[in-house]
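Below are the chains, spelled out letter by letter.
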Amino acid sequence: MPTQKTEKKSTPARRKAKETTFRGIPASPGIAIGRVHFLRADSSEVMPRKIAPYEVEPEIKRLERAIKQTRAAMTESRERAIEMAGETVGRIFDAHLLILEDEEFQKEVRSRILREQFGTEFIVYDTMERTIELMEKQKGELFRERAADVRDVRAQLLRFLQGNEKSAPKGPDEPSVLVAPGLSPTNTLHIDKERIHGIAIDLGGATSHTAILARSLEIPAVVGLGNFSTRAKEGQTIILNGNSGKVLLAPTTASLKEYRAKRKRYQKFQSELAGLCELPSETRDGHAVELHGNIELPHEVESVLSHGGSGVGLFRSEYLFLTRGTSPDEEEQFEAYKKAADALWPRPITIRTFDLGGDKLHPGLHAQAERNPFLGWRAIRVSLSHPDLFRTQLRAILRASVKKNVRIMFPLIASLWEVRKVKQALKNVMKELRREGIPFDEEIPVGIMIEVPSAVIIADVLAPEVDFFSIGTNDLIMYTLAVDRGNEMVSDYYRAHHPAVLRLIRDTVQRGHDAGIPVGICGEIAADPLSTVLLIGLGLDELSVSPGEIPEIKKIIRSISSADCKTVAQKALELSTAADVSRLLEKEMKVRFADLPIWFTSER
Ligand code: PEP
Ligand code: MG
């Protein structure tokens, strides 16, 4: 849960405010120092306005005109987003266009105007409000995101209907940090980077569209700040650390000095990182560690390469599903996998079969709400109970493997029978392709994700069946500590450095190596600079992280020796609490790598 710590009691308005620290979720790296600037609220409630029967027709015409204008504005936003931040971000606006163009929605608004005889603004507002309320009642980040998207579309449509389209919110005159309860992707996209140096918002998680957009636009951001926007005042001085999630309101002179120095050091560090791209990912004593990128969509391969990654360790293929309304067919999937594999060739790409379910619900598949979706019909369980869906995906992956740089990986494996079953399914598809004379890689490496404690416990049984393991700590931590990874209320219980997690990683590596297979890690811990030494010391062969994190992790790998890493890992394994492990790692980093600004991220 976001916490806030008031260091001193609030003071009467005229006396100088005391420094207050807030903690949220780090969403986009970097340090911003400036003045609080509020974004004007976008869609305040619209009151009903009764119209006469003869006004119905003109109102419907007005609706059609506004839809047309909104469509044009959104298309422009989409192009602007692609230009500034790439195709993935552009897709956020595709989702908006889909909402606007939804036939059911447009039909409903028209018939309500006719039936109820209220002005178009109110009918649009109210119809979309019902959708928003429905979505907000559902559990999960995906529905919250969808609700935010509908809100964004509504705000734009209302702006045209009310003739306010030109009144863009007035920007600040000095370096500022934008503060708001929530921020739509459209508003994020139109931020004036000259003046707005950071974003602090009450709602959202690190994977929200706004967070993704902020990262792409390289604007430092902290989200999930609780009631921060009700505590800040326009014009107040603010420091925001997008690396750690810490926000200081009315900072002292000493804090300002400290953070100005930190910002300078961080900027210097970032410019040094740019020079690392071409250099190998190996420790000072020549121990190579594969440093790969995690991607959601094929074109992100470019970002992996431009950041110096040596392959893709996790292609979350389910996003092909989630970014559209229907299942992608074999051809579409084949094109997507081939595009990514060809762009990377000869470097490897690991395609994970659909991990649908949990918080990645697809309306076509997950029509029925589950009581415990993360313990329910998720990932490999969905694939195994939908043989056609699974077969189509396996065919597409195999067809894309001709150049021999594709690996296939199965998520959420908990038992041996599942491995046997997926291997049989793969064998059947291979037979089919051979029969049809379609070429593929006969030796395609087959791996599994280790993200359920049972898989670690029987890792010795699973290892001989596969060609590699990849540890998914995001889920492994959740299932080991019984803490929902997306629930802010228990986020303090979600501890990557918990001794149980460390032992599970150690055991997986040992059992994998005993069977002669490599073991990688693709959960978020791999991108935590504080944990790099620990993970290498535990013997991981591959780290797979978001493309933007590759340079920082590479810098650490290249600055350390494998002997040092082993010593640190050994010490960590002897500790009894997560807090002790985190403290040890912070201390080690400060002592051993004093020149690295690791402490940016360790402000937690
Ligand atoms: C994980 O669980 O660590 C993982 C990488 O998979 P995802 O985050 O997609 O569940
Ligand atoms: Mg997972």
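Criteria and thresholds
- Residues numbered from 1 in each chain as written.
- Chains lettered and ligands numbered in written order.
- Predicted model: local features only at pLDDT ≥ 70, side-chain atom pairs only at ≥ 80, totals over all residues.
- Heavy atoms only, no water.
- Helix = DSSP H or I, 4+ residues; strand = E, 2+ residues; numbered from the N terminus.
- Expected span 1.5 Å × (residues − 1).
- Buried < 20%, exposed > 50% of the residue type's maximum accessible area, 1.4 Å probe, protein only.
- Arc of directions from axis to C-beta.
- Contact = heavy atoms within 4.5 Å.
- Salt bridge = Lys/Arg side-chain N within 4 Å of Asp/Glu carboxyl O.
- Axes fitted to C-alpha atoms, helices over the stretch in contact; angles between N-to-C directions.
- Parallel < 35°, antiparallel > 145°, perpendicular 65-115°, else oblique.
- Left-handed = near helix turned anticlockwise from the far one by under 90°.
- Nonpolar A, V, L, I, M, F, W, Y, C, P; charged D, E, K, R; others polar.
- Donors = N, O, S within 2.8 Å, 3.2 Å for Na, K, Ca; no water.
- Phe/Tyr/Trp six-rings, centres within 6.5 Å; stacked < 30°, edge-to-face > 60°.
- Lys NZ or Arg CZ within 6 Å of the ring centre and 35° of its normal.
- Core = buried A, V, L, I, M, F, W, Y, C linked by side-chain atoms within 4.5 Å.
- Pairing = 2+ DSSP bridges.

> Would you take a moment to explain helix H22 (residues 562-573) for this structure?
Within an α-helix, residues lying three or four positions from one another point in the same direction, as the helix has 3.6 residues per turn. Between its terminal C-alpha atoms H22 stretches 16 Å, which fits the 16 Å expected from 12 residues at 1.5 Å a residue. For H22, the set of buried residues is Ser562, Cys565, Val568, Ala569, Ala572 and Leu573. Taken down its axis, H22 places every buried residue within 135° of arc, on the same side. Against helix H19 (499-514), helix H20 (532-537) and helix H23 (578-592) lie the buried residues of H22.

> What am I meant to see in the pattern of salt bridges here?
Oppositely charged side chains may form a pair once their charged atoms are brought near each other. If you walk through the whole model with that rule in mind, you get 39 salt bridges. The salt bridge partner of Glu104 is Lys107, with a shortest N-O separation of 3.8 Å. Taken together, the residues span about one helical turn, with Glu104 and Lys107 both in helix H3 (residues 103-116) at a distance of 3 residues. The two residues Glu104 and Lys107 agree in class, both being exposed.

> Help me out: how do you make sense of the packing of helix H18 (residues 473-481) against H19 in this one?
A pair of packed helices is captured by two measures, namely the crossing angle of their axes and the spacing between those axes. Contact pair H18 / H19: the axes reach a minimum separation of 10 Å and the direction vectors enclose 125°. Regarding the angle of H18 to H19, the classification is oblique. In the packing of H18 onto H19, the handedness of the crossing is right-handed. Contact with H18, carried on its side by Thr473, Leu476, Ile477 and Thr480, involves Ala500, Val501, Leu504 and Ile505 of H19 and no other residues of that element. For the contact of H18 with H19, the class distribution of residues is 6 nonpolar, 2 polar and no charged.

> Please explain the coordination of the magnesium ion (ligand 2) as it appears in this structure.
Where a metal carries four tetrahedral donors, each ideal angle is 109.5 degrees; where it carries six octahedral donors, the ideal angles are 90 or 180 degrees. Protein coordination at the magnesium ion (ligand 2): the donors are Glu451 (OE) and Asp475 (OD), at 2.0 to 2.2 Å from the metal. Of this pair, Glu451 sits in the loop between strand S14 (446-450) and helix H16 (453-457) while Asp475 sits in helix H18, and the two are 24 residues apart along the sequence. Both residues of the pair, Glu451 and Asp475, count as buried.

> Please explain the packing of aromatic side chains as it appears in this structure.
Remark: the centre distance and the inter-plane angle together describe each pair of aromatic rings, the angle taken between the planes. Summed over all chains, the structure comprises 4 aromatic pairs. Judged by centre distance (5.9 Å) and plane angle (80°), the ring pair of Phe315 and Tyr337 falls under edge-to-face. Here the residue Phe315 occupies a position in strand S11 (residues 312-316), and Tyr337 occupies one in helix H12 (residues 330-344), the gap between them amounting to 22 residues. A relative accessible area of 0% places Phe315 in the buried class. The class of Tyr337 is buried, set by a relative accessible area of 0%. When the ring of Phe390 is compared with that of Phe410, the centres are 6.0 Å apart and the planes differ by 70°; the resulting orientation is edge-to-face. Here the residue Phe390 occupies a position in helix H14 (residues 387-399), and Phe410 occupies one in strand S13 (residues 406-410), the gap between them amounting to 20 residues. Like Phe390, the residue Phe410 is buried in the burial classification. Of note, Arg399 hangs over the ring of Phe334, and the distance from its end group to the ring centre comes to 4.0 Å. Over the ring of Phe468 we find Arg407, and its NZ or CZ is 5.9 Å from the ring centre.

> Help me understand the packing of H3 against helix H4 (residues 120-137) in this model?
Viewed as axis vectors pointing N to C, H3 and H4 meet at an angle of 130°, and their least axial separation amounts to 10 Å. Here H3 is positioned oblique relative to H4, judged by the angle of their axes. The hand of the H3/H4 crossing is right-handed. Between H3, through Phe105, Glu108, Val109, Arg112, Ile113 and Glu116, and H4, the contact on the second element is made entirely by Thr120, Phe122, Ile123, Val124, Asp126, Thr127, Met128 and Arg130. Looking at the contact of H3 with H4 residue by residue, the classes come out as 7 nonpolar, 2 polar and 5 charged.

> How do you make sense of the nonpolar core when you look at a structure like this?
Across soluble globular proteins, nonpolar side chains show a tendency to be buried alongside one another. Of all hydrophobic cores here, the largest spans 94 residues; its most connected members are Phe410, Phe469, Leu540 and Leu543. Top element by residues in this core is helix H15 (residues 416-436). It accounts for 8 residues. Ignoring anything within four residues of it in the chain, the contact list for Phe469 reads Ile448, Ile450, Ala459, Leu462, Ala463, Thr508, Gly512, Ile517, Pro518, Val519 and Gly520. Counting residues in hydrophobic clusters, the runner-up holds 28 residues, among them Met74, Ala147, Leu158 and Leu161.

> Please clarify how the sheet that holds S11 should be interpreted in this entry.
If you trace the 8 strands once around the closed barrel, you get S10-S11-S12-S13-S14-S15-S16-S17, paired in parallel fashion. Between one strand axis and the next, the sheet turns through 25° on average, direction left out of account. For S14 and strand S15 (residues 468-471), the ladder comprises 4 bridges, and the chain directions are parallel. Looking at S15, one finds that Ile450 is bridged to Ile471.

> Please explain the pairing of strand S4 (residues 31-38) as it appears in this structure.
Within a regular beta strand, the side chains point alternately toward one face of the sheet and then the other, so they alternate between its two faces. With 6 of its 8 residues buried, S4 lies for the most part within the structure. Pairing of S4 with strand S8 (residues 237-241), which is carried by 5 bridges, proceeds in the antiparallel orientation. Within the sheet, the bridge partner assigned to Arg35 lies in S8 and is Thr237. Judged from the 4 bridges that link them, S4 and strand S5 (residues 176-180) form a sheet pairing that is parallel.

Take it as geometry only, folks, not as evidence of what the structure does.
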